[in-house]
Amino acid sequence: METEKSDLVSTEGLFLATVASLKQEIQELKAQNIILRDRLVSKTIQEEQLSEANHRLQTEIIDRQRTETALRLLLDRLSSEKNDLEIILDTTTRHSDTIEALLYERALSLAREVTIDGLTQIANRRTFDQKLEVEWQRLAREGLPMSLLICDVDFFKRYNDRYGHPAGDDCLRAVAKAIESCIRRPADLAARYGGEEFAVILPNTLKEGAAFIAEKVCHTVSSLSIKHEASFISDRVTVSIGISTIQPTKKLSAKILIESADKGLYLAKKQGRDRAVFNAD
């Protein structure tokens with residue numbers, strides 16, 4: 001009986017020892033499993049990092065290749081432009097006199113475009129305005145008189161309607177040339193004022209001298225004998241002229257001279273046209 005009990009205790013102890021050993025092994029296996037899992041996660045992260053680094057490297061390689069291609073193209077273009085510049089420089093050096101002459105002619109052409117009326121080839125309105133202001137200030141300082149003529153082609157609209165605009169342009173060119181031929185002094189200026197109107201600036205000119213020039217303009221234009229069957233006053237083209245003479249001062253504006261000549265032109269038309277009238281107001 002005691003022997004059996006002793007064997008039972010021994011078997012139970014062996015069983016408990018075996019169970020304890022198995023528990024220990026299980027714990028060790030769990031610990032190893034955790035280590036392996038951590039290593040696996042770490043390896044996955046490293047693979048992802050390596051993949052990202054590889055992607056960045058490939059992108060950088062492509063960017064550098066593109067940059068290298070762009071730089072090569074730029075170098076080729078610069079080389080070509082350098083050759084072109086050398087050719088231009090050589091041509092410019094060998095033909096400098098000709099180029100300088102062409103540039104001078106172009107500058108003169110541009111100056112004419114700015115100051116000359118394209119149709120009539122006399123001074124344009126811009127030149128007139130500038131000249132009027134300059135002469136007004138000069139004569140105000142010197143205490144000298146200034147006269148202005150404003151000329152209008154009589155019944156020009158009817159002329160255009162009868163003969164057409166090309167003929168009207170020819171008429172304006174002829175009238176402009178006739179008016180310009182009536183002045184001689186360097187300071188005098190004939191200009192196209194607008195449409196069929198022309199203006200003549202006469203610095204240092206009294207009303208008697210201005211009236212003489214105005215009558216000369218009327219006669220010269222009439223002597224052109226440009227046919228005008230649509231006119232109510234003549235069988236040829238004529239002009240009406242307003243005359244004004246004022247002593248410029250720094251307190252007055254040159255506009256007063258224009259306004260006065262405009263009134264004279266109104267009076268000339270009212271009195272029958274084909275004449276010059278001095279505005280005494």
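Numbering of residues starts from 1 in every chain and runs along the sequence as written. Note on the predicted model: pLDDT of at least 70 is required for a residue's local features to be given, and 80 or more for side-chain atom pairs to be given and counted; whole-chain, interface and lining totals, by contrast, use all residues. With hydrogens and water excluded, all non-hydrogen atoms of the structure serve as input to the side-chain values.

A. Molecular detail of helix H4 (residues 156-163). Residues Phe156, Tyr159 and Asn160 constitute the buried set of H4. Summarising the axial view, the buried residues of H4 lie within an arc of 95°, below the 170-degree limit, and thus occupy one face. Residues of H4 that are exposed and point more than 90 degrees away from the buried face comprise Lys157 and Asp161. Only DSSP runs of H or I covering at least 4 residues are called helices, and only runs of E covering at least 2 are called strands; the numbering of each starts at the N terminus. Two residues or fewer past H4, Gly164 is found with a positive phi of approximately 95°. Relative accessibility decides the category of a residue: with a 1.4 Å probe and only protein chains considered, values under 20% of the type maximum give buried, values over 50% give exposed, and everything between is partly exposed. Here, the arc refers to the directions that run from the helix axis to the C-beta atoms.

B. Representation of the packing of helix H5 (residues 165-181) against helix H6 (residues 207-223) within the structure. Where H5 meets H6, the closest approach of the two axes is 9 Å, and the angle between their N-to-C directions is 140°. By the criterion of interaxial angle, the relationship of H5 to H6 is oblique. Judged by the twist between their axes, the crossing of H5 over H6 is right-handed. Where H5 abuts H6, its residues Val175, Ala178, Ile179 and Ser181 lie against Val217, Thr220 and Val221. The residue classification treats Ala, Val, Leu, Ile, Met, Phe, Trp, Tyr, Cys and Pro as nonpolar and Asp, Glu, Lys and Arg as charged. All others, Gly included, are polar. For the contact of H5 with H6, a count of residues per class yields five nonpolar, two polar and no charged. Angles here are taken between N-to-C directions and fall from 0 to 180 degrees, while the axes themselves are lines fitted to C-alpha atoms, restricted in helices to the stretch in contact. Angle categories are assigned with fixed cut-offs, so that under 35 degrees is roughly parallel, over 145 is roughly antiparallel, 65 to 115 is roughly perpendicular, and the rest are oblique. Handedness of a crossing is defined here by the sense of rotation of the near helix relative to the far one, left-handed for an anticlockwise turn of less than a right angle and right-handed for a clockwise turn. For this analysis, residues touch if any pair of their heavy atoms sits within 4.5 Å.

C. View of a nonpolar patch on the surface. Like-charged residues are merged into a patch within 9 Å and nonpolar side chains (Val, Leu, Ile, Met, Phe, Trp, Tyr) within 5 Å, provided each residue has over 30% relative accessible area and no salt bridge. Note on areas: Shrake-Rupley with a 1.4 Å probe; residue coverage comes only from the protein chains shown. By definition, a salt bridge exists where a carboxyl oxygen of Asp or Glu is found within 4 Å of a side-chain nitrogen of Lys or Arg. Taken together, the side chains of Leu71, Leu74 and Leu78 present a nonpolar region at the surface, about 270 Å² in accessible area. Topologically, Leu71 is positioned in helix H1 (residues 2-94). Assessed through its relative accessible area of 53%, Leu71 is described here as exposed.

D. Just the side chain of Asp154, in detail. Inspection of the secondary structure puts Asp154 in the loop between strand S1 (146-153) and H4. Here a polar contact means two N or O atoms within 3.5 Å. Within protein one must be a hydrogen donor candidate and the other an acceptor candidate, and residues neighboring in sequence count only if both atoms are side-chain atoms. At 2.6 Å, the side chain of Asp154 and the side chain of Thr238 are in polar contact. A distance of 3.2 Å separates the side chain of Asp154 from the backbone nitrogen of Asp274, its partner in a polar contact. Non-local contacts of Asp154, meaning those with residues more than four positions away in its chain, are made with His228, Ile233, Thr238, Val239, Ser240, Arg273 and Asp274.

E. Layout of the pairing of S1. Among the eight residues that make up S1, eight are buried, leaving the element largely enclosed by the rest of the structure. Should DSSP find at least two bridges between two strands, the strands are taken to pair. Examined bridge by bridge, S1 and strand S3 (residues 197-203) share seven bridges and lie antiparallel to one another. Counted as the bridge partner of Ile150 is Ala199 from S3. Pairing between S1 and strand S4 (residues 239-246): eight bridges, direction antiparallel.

F. How the structure looks around the pattern of salt bridges. Applying the stated criterion across every chain yields a total of 16 salt bridges. In this structure, Arg64 and Glu60 form a salt bridge, with 2.6 Å as the shortest nitrogen-oxygen distance. Residue Arg64 and its partner Glu60 are located together in helix H1, separated by four residues, close to a single helical turn. One salt-bridge network, in which partners are shared between bridges, spans Lys131, Glu135, Arg138 and Glu142.

G. The packing of aromatic side chains, seen in detail. Aromatic rings from Phe, Tyr and Trp, with only the six-membered ring used for Trp, were paired whenever their centres fell within 6.5 Å, and each pair was classed as stacked if the ring planes differed by under 30 degrees, edge-to-face if by over 60, and tilted otherwise. If you walk through the whole model with that rule in mind, you get four aromatic pairs. Centroid distance Tyr159 to Tyr163: 4.7 Å. Interplanar angle 45°. Geometry classified as tilted. Taken together, the residues Tyr159 and Tyr163, both in helix H4 and four residues apart, mark about one turn of the helix. Residue Tyr159 is classed as buried on the basis of its relative accessible area, which comes to 7%. By the criterion adopted, a ring carries a charge over it if an Arg CZ or a Lys NZ lies within 6 Å of its centre and within 35 degrees of its normal. The ring of Tyr193 carries the charged tip of Arg125 above its face, separated from the ring centre by 4.0 Å. Positioned over the ring face of Phe155 is Arg273, at 4.2 Å from the centre of the ring.

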